[in-house]
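Residue-level structural notes
Chain by chain, the residues:
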Amino acid sequence: MQKVNPTQTKAWKALQEHFNEVKNLEMKTLFEDDSRAEAFSISWEDFYVDYSKNRITSTTKSLLLDLAKEMKLEDAKHAYFNGSEINETEGRAVMHTALRQPTQATVEINGQNVITEVNEVKEKIKGFCDTVISGSHKGFTGKAITDVVNIGIGGSDLGPNMVAEALAYYHNHLKVHFISNVDGDHVHESLKYLNPETTLFVIVSKTFTTQETLSNANTARKWFLSKVAGTVQEGEAVAKHFVAVSTNEEAVKEFGIDPNNVFTMWDWVGGRFSLWSSVGLSIALAVGFENFDKMLAGAHKADEHFKNTELEENIPVLMALVTVWYNNFFKAESEAIIPYSQYLNRFAAYLQQAIMESNGKSVDRNGNAVDYQTGQIVWGEPGTNSQHAFFQLIHQGTKLIPTHFIGFKSSLHGDVDHHNKLMANFFAQTEALMNGKTEEEAREELESTNMDASAIEKLVPFKVFDGNKPTTTILIDKLTPESLGSLIAIYEHKIFTEGILWNIFSYDQWGVELGKQLAKNVLTDLNSDSIASHDSSTTALINRYKS
Ligand SMILES: O=P(O)(O)OC[C@H]1O[C@](O)(CO)[C@@H](O)[C@@H]1O
């Protein structure tokens, strides 16, 4: 893989010069060209991606595409899809895309077709889901399972949790719960409402060494065993109520989970890209394997689009290029993601890990400190709630916040009145963000209210909206398992593309290690009479906590 500093490319230099020329450009004037929406949008399957309300011209687009070419994006894509060890610092391939390949596909990693194993695990997931959903899998008192509790954190929680909420409309009778935080109040609050006779715990940890997950799993097991006590043999009861998802079979066994109850995964699936693997077991239980498989098929379609479509029509590529444009030239620090669907309540939280754990890096692929900005801050909440929370800052604040609007042509419950209101807001916001409101318009509006002239003049400055705020709109026909799969995969490939453009490794996460290590030392301090040496602030805080 090429390891070139992007700022040293010809395209970057050209982009810098071009930026100086167009940085004050008003998007409104660009729309004097009626063909703009068509020229800066992509129709693909049931997706319509409109990136025309961005501060880009056709020259910007072609220079950004030059950058992608100079950074050898096509070669990088080839390495990504062909099982090369692109996660160099961990010596691993990055092949979550293999998990959504059709069953008859061939995908080789180290000369071995991994699809055979992938199919076996999918069959196991399917078989297990069928028995739990149908009620033939019985708990220790012979009752069918009613509640599934996913215990995991990070990629072993955020993905399944986000999708389980996103596909709530497609759920069967099983209630799914998620326990992640090591905060004991999380697990104890959740257990309060559960019946041990009808609860299935799914312990999800790729490494099976994660403190939070093991603590929560131990607490859940203790609670469970306290309810079983004296009724049946403990081991048998645990086997009926605890399953695990992990690559670490040894540690799972040590924890006391029957090896038959382990759903495996592979080191070529990164935690934050693992919801497509057995990490998605809770999703498959909640919506049935058929729907889970449809989600995989939707993601596969997006993989094919990303792999085979020329760069100029490639959705993840163009979205990544637009991000780089704002991040590196306009110096925008963040990007907001606003789904106009309550079902996508957790989408921004999920993307925070996917994007920020991947591209929050300050060392390039050669091991040198970067001298340019990398991963942007990502945040968001569903519309219209977010309009009544932080949109003020996007409209009239001092920061430039490129915003993604994600909406659907039809609602799932079919309430047209509600949906029209929701989508009216969706369309109006992007229009308002772009057009803003001039001083004249603000004055005219106030004049129509019979306010006296001096009061009007006082108020006018506060009523002005600068506009020219960039948005990208993704309009999808309907929220289905397929379209959700495609949407997630599009963002995954956007992450990959950005990593290539920034010359960073997107698939490791060394930055989360230091805090974990120090927490271990502090825990020793908390559990002993003396404390090790810390800075005076940390020492005082620990002493205060212990007193
Ligand atoms: O599945 P595991 O091994 O418990 O890891 C959980 C999470 O911890 C991290 O390693 C770091 O937060 C994530 O990348 C991962 O998703």
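Residues numbered from 1 in each chain as written. Predicted model: local features only at pLDDT ≥ 70, side-chain atom pairs only at ≥ 80, totals over all residues. Heavy atoms only, no water.

1. Remarks on the overall build of the chain
Secondary structure summary: the chain contains 22 helices and 13 strands in total. For a compact globule of 547 residues, the expected C-alpha radius of gyration is about 24 Å, and the chain comes in at 26 Å, within 12% of that figure. When its C-alpha atoms are laid out on the principal axes, the chain stretches across 80 × 60 × 60 Å. Every one of the 547 residues in the chain was classed for burial, and the buried ones make up 52%. As displayed, the chain offers around 24,000 Å² of accessible surface, 50% of which is attributable to carbon and sulfur atoms. Mean positive and mean negative side-chain charge positions of the chain (49 and 71 charges, respectively) differ by 3 Å. (Helix = DSSP H or I, 4+ residues; strand = E, 2+ residues; numbered from the N terminus. Rg over C-alpha atoms; globule rule 2.2 N^0.38 Å. Buried < 20%, exposed > 50% of the residue type's maximum accessible area, 1.4 Å probe, protein only. Areas by Shrake-Rupley, 256 points an atom, 1.4 Å probe, with all protein chains shown as cover. Lys, Arg positive; Asp, Glu negative; His and termini not counted. Charge placed at Lys NZ, Arg CZ, Asp CG, Glu CD.)

2. A word on the site of the ligand
Near the ligand, the surroundings consist of 14 residues, among which Ser156, Ser205, Thr207, Thr210 and Glu357 are the closest. Residue Lys206 places a main-chain N or O atom 2.8 Å away from an oxygen atom belonging to the ligand. With respect to the ligand, the side chain of Gln353 contributes an N or O atom lying 3.2 Å from an oxygen atom. Its free accessible area being 400 Å², the ligand has 87% of it covered by the protein chains. Taken together, the residues of the shell around the ligand sort by class into 2 nonpolar, 9 polar and 3 charged. (Near = heavy atom within 4 Å. Polar contact = N/O pair within 3.5 Å; in protein donor to acceptor, adjacent residues only side chain to side chain. Nonpolar A, V, L, I, M, F, W, Y, C, P; charged D, E, K, R; others polar.)

3. What to know about the packing of aromatic side chains
Across all of its chains, the model carries 35 aromatic pairs by this definition. Measuring from ring centre to ring centre gives 4.9 Å for Trp12 and Phe329, while their planes differ by 40 degrees; the resulting arrangement is tilted. Placement of Trp12 in helix H1 (residues 10-22) and of Phe329 in helix H14 (residues 315-330) is noted, with a sequence separation of 317 residues between them. Summarising the aromatic geometry, the rings of Phe289 and Phe292 are spaced 6.1 Å apart at their centres and angled 50 degrees between planes, so their arrangement reads as tilted. You can see Phe289 and its partner Phe292 sitting in helix H13 (residues 289-308), 3 residues apart, about one turn around the helix. Across this residue pair, the class does not change: Phe289 and Phe292 are buried. These aromatic residues form a ring-pair network of at least three members: Trp12, Phe19, Trp325, Tyr326, Phe329, Phe330 and Tyr372. (Phe/Tyr/Trp six-rings, centres within 6.5 Å; stacked < 30°, edge-to-face > 60°.)

4. A word on the nonpolar core
Formed by 122 residues in total, the largest nonpolar core has its most connected members in Trp268, Leu281, Leu285, Trp325 and Phe347. Two domains each provide a minimum of three residues to this core, namely domain 1 (6-71 + 309-430 + 477-508) and domain 2 (101-292). For Phe347, the contacting residues outside a window of four places in its chain are Met162, Ile337, Pro339, Ile406, Leu487, Ile488 and Tyr491. If you look at the next biggest cluster of nonpolar residues, it comprises 25 residues, including Phe208, Ala217, Ala220 and Ala244. (Core = buried A, V, L, I, M, F, W, Y, C linked by side-chain atoms within 4.5 Å. Domains from an automatic or database assignment. Contact = heavy atoms within 4.5 Å.)

5. With respect to the side chain of Ser341
With respect to the secondary-structure elements, Ser341 resides in the loop between strand S10 (334-339) and helix H15 (347-359). When its relative accessible area of 7% is taken as the criterion, Ser341 is described as buried. Ignoring anything within four residues of it in the chain, the contact list for Ser341 reads Pro382, Gly383, Phe408 and Leu479.

6. Observations concerning the environment of Leu311
Locating Leu311 in the fold gives a position in the loop between H13 and H14. We classify Leu311 as buried; its relative accessible area is 3%. Each C-alpha atom of the pair Leu311 and Leu65 lies 7.1 Å from the other, and the pair is 246 residues apart in sequence. Non-local contacts of Leu311, meaning those with residues more than four positions away in its chain, are made with Leu65, Ala68, Lys69, Leu73, Glu74, Lys77, Val317 and Leu318.

7. A word on the sheet that holds strand S6 (residues 175-179)
The parallel open sheet is built from 5 strands, whose spatial order is S6-S5-S7-S8-S9. Looking at strand neighbours, the two that pair on one side only are S6 and strand S9 (262-264), the edges of this open sheet. Averaged over all neighbouring strand pairs, the angle between strand axes comes to 20 degrees, with direction disregarded. By the bridge criterion, 5 bridges tie strand S5 (residues 147-151) to S6 in an arrangement that is parallel. Looking across to S6, one finds that Val148 is bridged to Val176. Packing against the sheet, helix H6 (residues 115-134) makes contact with strand S7 (199-204), strand S8 (242-246) and S9, and its axis sits at approximately 145 degrees to S9. (Pairing = 2+ DSSP bridges. Axes fitted to C-alpha atoms, helices over the stretch in contact; angles between N-to-C directions.)

8. Description of the sheet that holds strand S13 (residues 471-476)
Strand order in this open sheet of 6 strands is S1-S2-S13-S12-S10-S11, and the pairing throughout is mixed. Of all the strands in the sheet, just strand S1 (41-44) and strand S11 (377-379) have a single pairing partner and so form its edges. Sheet twist, expressed as the average angle between the axes of neighbouring strands with direction ignored, equals 15 degrees. With 4 bridges connecting them, S10 and strand S12 (residues 403-408) associate as parallel partners. The residue of S12 that forms the bridge with Ile338 is Phe405. Against the sheet, helix H17 (residues 416-435) engages S12 and S13, with an angle of about 155 degrees to S12. Contacting S1, strand S2 (47-50), S10, S12 and S13, helix H20 (residues 481-502) runs over the sheet at an angle of about 165 degrees to S12.

9. Here's the deal with the packing of H1 against helix H4 (residues 58-70)
Packing of H1 against H4 brings their axes to within 8 Å, and their N-to-C directions diverge by 160 degrees. Between H1 and H4, the interaxial angle falls into the category roughly antiparallel. For the element pair H1 and H4, the recorded crossing hand is left-handed. Residue-level inspection shows Lys10, Ala11, Trp12, Ala14, Leu15 and His18 of H1 in contact with H4, the latter providing Thr59, Thr60, Leu63, Leu64, Asp66, Leu67 and Glu70. Its residues placed into classes, the contact of H1 with H4 shows 7 nonpolar, 3 polar and 3 charged. (Parallel < 35°, antiparallel > 145°, perpendicular 65-115°, else oblique. Left-handed = near helix turned anticlockwise from the far one by under 90°.)

10. A closer look at the confidence of the model for the chain
Mean pLDDT over the chain works out to 97, with 100% of the residues at or above the 70 mark. Under the prediction, the complex receives an ipTM of 0.97, its pTM being 0.98. (pLDDT = per-residue confidence, 0-100.)

11. Structural notes on the environment of Leu174
Within the secondary structure layout, Leu174 lies in the loop between helix H7 (158-166) and S6. Sequence separation between Leu174 and Leu446 is 272 residues, and the spatial gap between their C-alpha atoms is 55 Å. In contact with Leu174, other than residues within four places in its own chain, are Val132, Ile133, Ile145, Thr146, Val148 and Leu285.

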